[in-house]
Amino acid sequence: MSGPDEFEQIARLYRPLTKGAAEAFDLLDDAAAIPSRPGFDLVITKDAMVQGVHFLSDEAPGLIARKLLRVNLSDLAAKGAEPYGYFLAVAWPPSFGWSERQAFAAGLAQDGANLVLLGGDTVSTHGPLMVSLTMLGWVPAGRMIRRAGARAGDLVMVSGTIGDGWLGLAAARRELDDPDGYLADRYRLPTPRLDLRAALRDQAKAAADVSDGLIADAGHIARASGAGLRLNLDRLPLSPAAHRWLGLQDDRAAALRALASGGDDYEIVCAVAPDAVRIPGLTLIGEIVAGAGVEVLVDGVPIEPGAGGWLHS
């Protein structure tokens, strides 16, 4: 690649993202040293994305970087944690030259204004672009919201609207009409629900972000909690765009299942006690039940839940 060498790239692209944080050592060392924060636990999460799998092959580098930050921030939101900093790893294919790397770093700067880059690694690959980020956040000691913790009788609630990410992928591929670009934007740049952190810490007994699919991710909560799950898809919160799509489908039950299985929504699904104070912006969609397994209903009629979401292999 023509352009600066590895160390000059680090100095020019990534050192500014440390914002002078002492613990990053100007990215001149092989490690960072994270100071303790009395009264808090350090929460650590990690997500990776591969070109052509998690984003379109021709996606703009800046958008890739911004989505990478946002999907990791979504994990912290579900844990009730305050974002702090991150470690970055990138495997660059030959097609990503100096200008593409500059655009990627600019995307990190745009969406990471309140975060510090603490370290990482960059390598070359003959395969597709692969980016991975390890995100760190703080949560009051003992207050991280786990997937486990729900009990039979708890209510299952979800934030925002569901199905837009899945429809947005089709829109981004120009397989679905999206005149105002709303759906494609929901897929390309999800909004991590950091606004819900305090309310979740107060009210949620268990939580997860909706990345694989609502049915699957709600099922993860039930399974981790040693319980079963009943979901009512006729209560699914939908955007106007998703409502329009649903109205064009011949099989309403199958269409609702598809919306609840598609993933990439990055909303929060949680379990709360029946008498808990309702969290504004969340919709009741089901309940935790005794036993095991997932039961999915449409208009009171059980349907086959299917895979429920993305299956990693």
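Residues numbered from 1 in each chain as written. Predicted model: local features only at pLDDT ≥ 70, side-chain atom pairs only at ≥ 80, totals over all residues. Heavy atoms only, no water.

1. So, a negative patch on the surface
Right, so step 1: Together, Asp5, Glu6, Glu8 and Asp121 make up a region of like negative charge exposed at the surface.
Right, so step 2: Within the fold, aspartate 121 resides in strand E3 (residues 116-124). (Patch = residues over 30% accessible without salt bridge, like charges linked within 9 Å, V, L, I, M, F, W, Y side chains within 5 Å. Areas by Shrake-Rupley, 256 points an atom, 1.4 Å probe, with all protein chains shown as cover. Salt bridge = Lys/Arg side-chain N within 4 Å of Asp/Glu carboxyl O. Lys, Arg positive; Asp, Glu negative; His and termini not counted. Charge placed at Lys NZ, Arg CZ, Asp CG, Glu CD. Helix = DSSP H or I, 4+ residues; strand = E, 2+ residues; numbered from the N terminus.)

2. Here we look at helix H9 (residues 252-261)
Right, so step 1: By the burial criterion, the buried members of H9 are Ala255, Leu256, Leu259, Ala260 and Ser261.
Right, so step 2: The inward-facing, buried residues of H9 contact helix H4 (164-172), helix H7 (214-224), helix H8 (240-247) and strand E10 (294-298).
Right, so step 3: Between a side-chain oxygen at the N-terminus of H9 and the backbone nitrogen of alanine 253 the separation is 3.3 Å; the capping residue is aspartate 251.
Right, so step 4: At the exit of H9 stands glycine 263, carrying a positive phi of roughly 80°. (Buried < 20%, exposed > 50% of the residue type's maximum accessible area, 1.4 Å probe, protein only. Contact = heavy atoms within 4.5 Å. Polar contact = N/O pair within 3.5 Å; in protein donor to acceptor, adjacent residues only side chain to side chain.)

3. What about the packing of helix H1 (residues 6-14) against helix H3 (residues 98-111)?
Right, so step 1: For the pair H1 and H3, the least separation of the axes is 10 Å and the interaxial angle reads 40°. In terms of orientation, H1 lies oblique with respect to H3. Between H1 and H3 the crossing geometry is right-handed. Contacts between H1 and H3 involve Gln9, Arg12, Leu13 and Tyr14 from the first element and Trp98, Arg101, Gln102, Phe104, Ala105 and Leu108 from the second.
Right, so step 2: Looking at the contact of H1 with H3, its residues break down into six nonpolar, two polar and two charged. (Axes fitted to C-alpha atoms, helices over the stretch in contact; angles between N-to-C directions. Parallel < 35°, antiparallel > 145°, perpendicular 65-115°, else oblique. Left-handed = near helix turned anticlockwise from the far one by under 90°. Nonpolar A, V, L, I, M, F, W, Y, C, P; charged D, E, K, R; others polar.)

4. A look at the packing of aromatic side chains
Right, so step 1: All chains considered together, the criterion is met by four aromatic pairs.
Right, so step 2: Taken together, a centroid distance of 5.9 Å and an interplanar angle of 35° make the contact between tryptophan 92 and phenylalanine 96 tilted.
Right, so step 3: Exposure remark for phenylalanine 96: the relative accessible area of 7% places this residue in the buried category.
Right, so step 4: Measuring from centroid to centroid gives 5.4 Å for tryptophan 92 and phenylalanine 104, while their planes differ by 85°, and the two rings are edge-to-face. Of this pair, tryptophan 92 sits in strand E2 (residues 82-92) while phenylalanine 104 sits in helix H3, and the two are twelve residues apart along the sequence. Like phenylalanine 104, tryptophan 92 is buried.
Right, so step 5: Following the ring pairs from residue to residue traces out a cluster consisting of Trp92, Phe96 and Phe104.
Right, so step 6: Above the ring of phenylalanine 40, the side-chain terminus of arginine 37 is found at 3.9 Å from the ring centroid.
Right, so step 7: Here the basic side chain of lysine 67 rests over the ring of tyrosine 187, its NZ or CZ set 3.8 Å away from the ring centre. (Phe/Tyr/Trp six-rings, centres within 6.5 Å; stacked < 30°, edge-to-face > 60°. Lys NZ or Arg CZ within 6 Å of the ring centre and 35° of its normal.)

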